[in-house]
Structure formats: structure tokens, C-alpha cells
Amino acid sequence: MLNRFTADYLETLGVADFRPAPKVSGRLSSYDGLLMEAVGLSLPVGTVCEIGGHGDAKVEAEVIGFRNGRTLLMNLGGPAALLPRAPVRPVGPPGEAEVGDALLGRVVDGAGRPIDGLGPIRGAGKWPLAGKIQSPLDRGRVLQPMDVGVRAINGLLTIGQGQRVGIMAGSGVGKSVLLGMMVKAAKADVIVIGLIGERSREVADFLETKVAGEARQRAVVVAVPANHSPVLRIRGALRATAIAEAFRNEGKKVLLIMDSLTRVAHAGREIGLALGEPASARGYPPSAIAMLPNLIERAGTDVRTGGSITAIYTVLADGDDGNDPVVDSARSILDGHIVLNRHLAERGVYPAIDIGPSVSRVMTDIAHPDHVHAARILRRHLATYEENRDLVLMGAYRPGADPAIDAAIAAHPAVMEYIKQGAGEIVGLQDAIAELTGVFGA
């Protein structure tokens, strides 16, 4: 026994780059249910630590900052049976995500652990959670359209490969259903889905109904429901983006879907307020809003590899307020936004896309001039009708008084028929363009 120990010890000392590394450990000094403070250790932000609880219980927490010589941590799990002076030990380096083909068809949580019951993930590579900084000149232009299977989007709000788009609406207007329609029909090599801060029931429903069949085999799902730690929710968003970046680095066309960006901002708000940041717009501290550009800017086209990340983010407008800080900030960063209207949904128009305030900023670069012209005619008819809708419904408008209003009234049934689409129906890009130009191309 002693000989084997001696041999192993001497063999270790014989390694050229051997450096003794003492075990680092600290003690828990305070805990208020969300924020923890530890003394006796110095660790970089993002390090995952294990804290000894009552009995054999262990709790994981992440380092989120420092204050007065103390290390600040936030719980990554549920309720913790912690005691004063509990030991705090680092267990993982900051900021790495498992990536690669080994994740295809799998579902993981915010920490990267599989939750689909299919066993451990083997053979995965590594990628920084915070991504790799790119030069602006490494970002390519958006020049190729992407078929998402939704007639109104393909025809009127054409999305390009490498574009970042937001779906903006209040609660219960159909954001998740619209995402499911796009997942089923999207022409992409890989689909990465981040379900961040949503209901646990919606996670299972999304997997069963919207990522079923062939799409599941080329999809990676990162699911962090609303009852999870705010740190895990942010980690889930970073992990989904890192997985998409790694596939883009291989030259693949990636569709990144995140539901929802607002829940990520809510998690940032919880952390910021816990750290003592002053609340500014609608209770959001500056760090919560500043986090959004860092996340969104990671998507796009890579001219070096030829790969792209087409990102679609849902943005929850609290109280249907289009000037909500998260909505306003996302609108300024994204390459387009699709607004869902509650009044359209109440009239039975699904998907309830409000064409007027919705826009794709790259459509003129990727669509044929005849296509763009027909889309503008439809928009003009719809805007004219909506401006005079009350007059028409009350019977106060006299036909023949204005040719533009007459044309808008005549075209309105065709406009609404073009926007409507069943949840299980798929309308390809070419079919959507042909129908649009055939009716409104004159």
C-alpha cells in the first residue's frame, strides 16, 4: 500500500508542469433567501460553488460580485437548509457550455444538465458562455431569405438568414403558437430553443407539440422555467446562445429561438436589485437593460465560416405597453420586430400580426422589387382601412367619396385572408410571394 502511494506521488512530482493547488474554502457569513455572502475565499465572477447544508445536503451557488471584502453568491437551486458558517467550496470554472452534435435531440437545464431522461451527454465540446468577441467586419450582411412557413411573415415581413427579430406582444396573444409554426417549417440545419422563465407546463407542451418529429432530431432545447433561480435563467439564455454560436462556427445555418427575452431581463432585475443597484425605468436597474445588447449582438452571420444565427426573440410587453423599457430597448437593437395585436386576436385573426407597426429592416435587401411593391400596396390598403374603420362600420362613409378608401374597402377581405393562417398549416416562401404578387402586384 505504501509503495503504491509512494510511486503515485513520485510520478505526480515527475510531471513537468505539475503545480500544487491547495483546496480553496470559505465560510457562509449571511443569507437572506436570495443573496449569500461568504468570507475567506476570492473567486472570479461566474464561478460555481458548493455550500454545505444541514446534514448531507449540498447547495450550488454562483459568484455574482464582491462587497467589502466578501464574496457575493446567488443560489442556483431551490430552498436551502443552510446554517451559519457553512463551508463554501468552488466546484466549477466560470463560463463554459457543452456544445456540438452530441446535444442534438436533447433537453438540458440552465446548468447544462440533461433533463430528458436519456442519460448523460457524451462527446460534447466546450464554448464560453459569454461567447467570443467578434470584429464588426467579421459580421456578414443579411442577403438570403429564410422560409419560416408563415404566410404573413414570408410575404410582408420577410426574414433573412442571420437576422435578429423580436415578436412583441402582451400575455396570451399567441407568441408561443407563432414560434411553434416557425419551428415546424424553418429551413435551418440546427434549431436551438431557449425556454427561459416560462411555465413548466409550457415546456412539456412545447416539446410534445411544436418540436415533435423530424424537427426534434435537429433541435437543442435549453429549458429554465420561471420557478428557477434568476442566475440559472440568465445562464440558460447564455447557454442557448453559446450552443448556437458553436454550430455557426462549424458553418451551419442555425435558427435560435428564445422565449422570452423579457424573462431574461426580469432575472437581471432581480439580481441587480439584490446587489443594491438603483431602480430606474419601471424598476429595472441599468445592468438589466444593458445586458440585452450583449446577448442579442451575438447572433448574426459569420463571414469567416459562412454560418449564421437567425435569432427570433419573444418580448413580453407588460400591460400591452409598447413603450415598456425592455420592448423599447429590444426594438432599437433588433433587425426587425413583429407586433401581435390583442384586438386582432379577439376578432379571431390568428396569427394576430399587426402589419402596420411591424417591420423587417432587411426585407428590401433580400426581396425582389415586385415582391416589395406588392407588400407596400397591401400595407397601404390596410392602413387606409384602419384609419377609416369607424366611419365605414357606422355607415358614415359614402362610397365614391374617396377612391383610396374605396380600394381599401374592396381589398380588405383579401388582406385579412392573407394574414390569417391555421396553426397546423405551412405556407412556403415562394407560395406566399406568388399569392401576394398575384393579388396585390398590380
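Residues numbered from 1 in each chain as written. Predicted model: local features only at pLDDT ≥ 70, side-chain atom pairs only at ≥ 80, totals over all residues. Heavy atoms only, no water.

1. Some words on a positive patch on the surface
Argument step 1. Residues K23, R27, K58, R85 and R89 make up a contiguous surface patch of positive charge.
Argument step 2. Looking at where R89 falls in the secondary structure, it is placed in strand β6 (residues 87-92).
Argument step 3. Accessibility expressed as a relative area gives 40% for R89, which makes it partly exposed. (Patch = residues over 30% accessible without salt bridge, like charges linked within 9 Å, V, L, I, M, F, W, Y side chains within 5 Å. Areas by Shrake-Rupley, 256 points an atom, 1.4 Å probe, with all protein chains shown as cover. Salt bridge = Lys/Arg side-chain N within 4 Å of Asp/Glu carboxyl O. Lys, Arg positive; Asp, Glu negative; His and termini not counted. Charge placed at Lys NZ, Arg CZ, Asp CG, Glu CD. Helix = DSSP H or I, 4+ residues; strand = E, 2+ residues; numbered from the N terminus. Buried < 20%, exposed > 50% of the residue type's maximum accessible area, 1.4 Å probe, protein only.)

2. Here's the deal with the UniProt feature "domain: AAA+ ATPase" (unreviewed entry) in the protein
Argument step 1. As annotated in UniProt, the feature "domain: AAA+ ATPase" (unreviewed entry) corresponds to residues 161-344 in the numbering used here.
Argument step 2. Taken end to end, residues 161-344 has its terminal C-alpha atoms 29 Å apart, with 45% of it in helix and 23% in strand. (UniProt positions renumbered as here; feature names shortened; annotations may be inferred.)

3. Observations concerning the sheet that holds strand β2 (residues 35-39)
Argument step 1. Strand order around the closed barrel formed by six strands is β1-β2-β5-β4-β3-β6, with antiparallel pairing between neighbours. Across the sheet, the mean angle separating the axes of adjacent strands is 45° when strand polarity is ignored.
Argument step 2. Together, β3 (48-52), β4 (58-67) and β5 (70-75) form the strand contacts of helix α6 (residues 230-249), whose direction differs from that of β4 by roughly 85°. (Pairing = 2+ DSSP bridges. Axes fitted to C-alpha atoms, helices over the stretch in contact; angles between N-to-C directions. Contact = heavy atoms within 4.5 Å.)

4. Points about the pattern of salt bridges
Argument step 1. With the rule as written, the count across this model stands at 22 salt bridges.
Argument step 2. A salt bridge links R106 to D116; the nearest nitrogen and oxygen atoms lie 2.7 Å apart. Remark: D116 occurs in the loop between β8 (107-108) and β9 (125-128) and R106 occurs in the loop between β7 (96-99) and β8; sequence separation between them is ten residues.
Argument step 3. A relative accessible area of 9% places R106 in the buried class.
Argument step 4. A relative accessible area of 21% places D116 in the partly exposed class.
Argument step 5. The shortest N-O distance in the salt bridge between R141 and D365 comes to 4.0 Å. In this pair, R141 is assigned in the loop between β10 (139-140) and α2 (151-156) and D365 in helix α11 (residues 363-366), connecting sequence segments 224 residues apart.
Argument step 6. Through salt bridges with shared partners, a single network forms among E37, R67 and R70.

5. Topic: the packing of aromatic side chains
Argument step 1. The full count for this structure, using the stated rule, is zero aromatic pairs.
Argument step 2. In this structure, R151 packs its charged tip against the face of Y418, placed 5.9 Å from the ring centre.
Argument step 3. One Lys or Arg, R269, reaches over the ring of Y284 and ends 4.5 Å from the middle of that ring. (Phe/Tyr/Trp six-rings, centres within 6.5 Å; stacked < 30°, edge-to-face > 60°. Lys NZ or Arg CZ within 6 Å of the ring centre and 35° of its normal.)

6. A word on the side chain of D147
Argument step 1. With respect to the element layout, D147 can be found in the loop between β10 and α2.
Argument step 2. Despite its burial, D147 pairs with no opposite charge; the closest candidate is K187, at 5.2 Å N-O.
Argument step 3. A polar contact is formed between the side chain of D147 and the backbone nitrogen of G149, at a distance of 3.0 Å. (Polar contact = N/O pair within 3.5 Å; in protein donor to acceptor, adjacent residues only side chain to side chain.)

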